[in-house]
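The lines below spell out each chain.
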Amino acid sequence: MDRRNFVAYTTASLTTFALAWATAAPATFAAAHQGRTVDVDLVASLEAISESLTTAPTAQRQYTAPLLDEQLTIVTGLIGEGRHTEQIGVRLHRLAASLAQTVGWHRFDHGQHAAAARFWHAGVHSAHAAGDRDLGAGVLSDLAYQALWLRDPATSVAILDRALRRPLHPAARSVLYLRKARAHAALGEEHLCTRALGAAERSFGAATGAGTAPSWCAWMSHSDLAVDTGRCLLDLGHTRQAHALIQEGTGVLPVAREKTRAVFLAYEAENYLRSGEIDQAAHAAHTAFTMADRIGAPRCTALIRGLAPAFGEHRAAPGVEQLLDTIHG
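Residues numbered from 1 in each chain as written. Predicted model: local features only at pLDDT ≥ 70, side-chain atom pairs only at ≥ 80, totals over all residues. Heavy atoms only, no water.

### So, the packing of aromatic side chains
Threshold: Stacked, tilted and edge-to-face are the three classes applied to pairs of Phe, Tyr and Trp rings, where Trp contributes its six-membered ring and a pair requires centres within 6.5 Å; stacked means planes under 30 degrees apart, edge-to-face means over 60, and tilted covers the rest. Helix and strand assignments come from DSSP, with helices taken as H or I runs of at least 4 residues and strands as E runs of at least 2, each series counted from the N terminus. Burial classes follow relative accessibility: with a 1.4 Å probe on protein chains only, a residue under 20% of its type's maximum area counts as buried, one over 50% as exposed, and anything between as partly exposed.
Within the structure shown, the criterion is met by six aromatic pairs. Centroid distance Trp-105 to Phe-108: 5.2 Å. Interplanar angle 85°. Geometry classified as edge-to-face. With Trp-105 and Phe-108 both in helix 4 (residues 86–109), this residue pair falls three residues apart, about one helical turn. The residues Trp-105 and Phe-108 share a single accessibility class, namely buried. Considering the side-chain rings of Trp-105 and Trp-120, the 5.5 Å spacing of their centres and the 65° angle between planes classify their relative orientation as edge-to-face. Taken together, the positions of Trp-105 in helix 4 and Trp-120 in helix 5 (residues 113–129) put the pair 15 residues apart, joining distant regions of the chain.

Written out as structure tokens, the structure reads:
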């Protein structure tokens, strides 16, 4: 994985950045710039194209990544060089933040962590300039998720605590609390994890009557609550309950979310491994790996490769040799 330069974002710098976002008011940016006029029709067209790219089915995203990069370049160029009204500027900044978030996830999925962090850092600034608290909190929570992935759950908790200081849509709060629960579980803090899970569930329930959820967290569902709760329980050693929840959540996940399904199946494989059900672990891992490899999701295949040494101790079990051949093939 590309960890180069990620160290530049230390625990102190990340949490200070999150605190600044949580306490500062959005700055008013200049309404006029030198350059060509950016009109409403152009912005609407860019928004429509960007939405189709960012909401494409998972299997297509490996092909749309270069187009997203180009869209972000165009939008940031218009912000810096175009001439536009304050209202158009807000829309451009919001669009830049959304694109930076998606591009950052693509870099993250490919293990390019320094690049992902830079895109997300810029995305937070753009969301802040647009006055979009929900989107800003969402991008901050991506940085927190990355810290958890890189085995720094304490930094993850610190970022999320600051992001949760601002008023947010209940769906956004639900995602942030769920990620916070994952970080507490990784730290072995069962009581704090349980509190965060409760807050995530309550916020999710409140989202129904709170109007349209922000687009960046519109995917949040009972499936995510169930599986991430199961993952928390797995980290805390409650394997039986973890298995039931992970299986429940994976079973009702929408077909379009194949990457998420692959990650969930990887969690299920890990859970089966811990409980000694090797043949079922091999089946779940093989399904996850082939699915992730087909859709171009290297972060998911990396999860399964990380389980290979544990599977190597059970080569005689049904399905294990086939799994290892697939992983190393």
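### Here's the deal with the pattern of salt bridges
Heads up, the condition is: The salt bridge definition used is simple: a Lys or Arg side-chain nitrogen within 4 Å of an Asp or Glu carboxyl oxygen.
The full count for this structure, using the stated rule, is 14 salt bridges. A cluster of three or more residues bridged by salt bridges with shared partners is formed by Arg-231, Asp-235, Glu-270 and Arg-274.

### Quick word on the side chain of Asp-134
As a reminder of what qualifies: In summary, the charge assignment counts Lys and Arg as positive and Asp and Glu as negative, without counting His or the chain termini. Two residues qualify as a contact provided that any one of their heavy atoms is within 4.5 Å of a heavy atom in the partner residue.
With respect to the helices and strands, the residue Asp-134 is situated in helix 6 (residues 133–149). Here Asp-134 sits buried without a salt bridge, and the closest side chain of opposite charge, Arg-133, lies 6.2 Å off (N-O distance). Excluding its chain neighbours within four sequence positions, the residues that come into contact with Asp-134 are Leu-168, His-169, Ala-172, Pro-214 and Trp-216.

### A look at the packing of helix 10 (residues 222–235) against helix 11 (residues 239–251)
Operational definition: Think of each axis as a best-fit line through the C-alpha atoms, taken over the contacting stretch in the case of a helix, with angles from 0 to 180 degrees between the N-to-C directions. In what follows, roughly perpendicular refers to angles from 65 to 115 degrees, roughly parallel to angles under 35, roughly antiparallel to angles over 145, and oblique to any angle outside these ranges. Crossings are assigned a handedness: left-handed for a near helix turned anticlockwise from the far helix by less than a right angle, right-handed for a clockwise turn. When residues are sorted by character, Ala, Val, Leu, Ile, Met, Phe, Trp, Tyr, Cys and Pro go into the nonpolar class, Asp, Glu, Lys and Arg into the charged class, and all the rest, Gly among them, into the polar class.
Interaxial distance between helix 10 and helix 11 falls to 7 Å at its minimum, and their mutual angle equals 155°. Comparing the axis directions of helix 10 and helix 11 gives the class roughly antiparallel. Two packed elements cross with a definite hand, and for helix 10 against helix 11 that hand is left-handed. Residues Ser-223, Ala-226, Val-227, Thr-229, Gly-230, Arg-231, Leu-233 and Leu-234 of helix 10 touch helix 11, and the partners they reach there are Thr-239, Gln-241, Ala-242, Leu-245, Ile-246, Glu-248, Gly-249 and Thr-250. Among the residues making up the contact of helix 10 with helix 11, the classes are represented as seven nonpolar, seven polar and two charged.

### Here we look at the nonpolar core
Applied cut-off: Only buried residues count toward a nonpolar core. Its members are Ala, Val, Leu, Ile, Met, Phe, Trp, Tyr and Cys residues joined through side-chain atoms within 4.5 Å.
Membership of the largest hydrophobic core comes to 80 residues, with the highest contact counts inside it found for Leu-140, Leu-143, Leu-176, Ile-304 and Phe-311. With ten residues, helix 13 (residues 278–295) is the single largest residue contributor to this core. In contact with Leu-143, not counting residues within four places along its chain, are Leu-14, Phe-17, Ala-117, Trp-120 and Ile-159. Val-43, Leu-53, Ile-88 and Val-103 belong to the second-largest nonpolar core, a separate cluster that totals 16 residues.

Interpretation in functional terms is not warranted from these geometric data alone.
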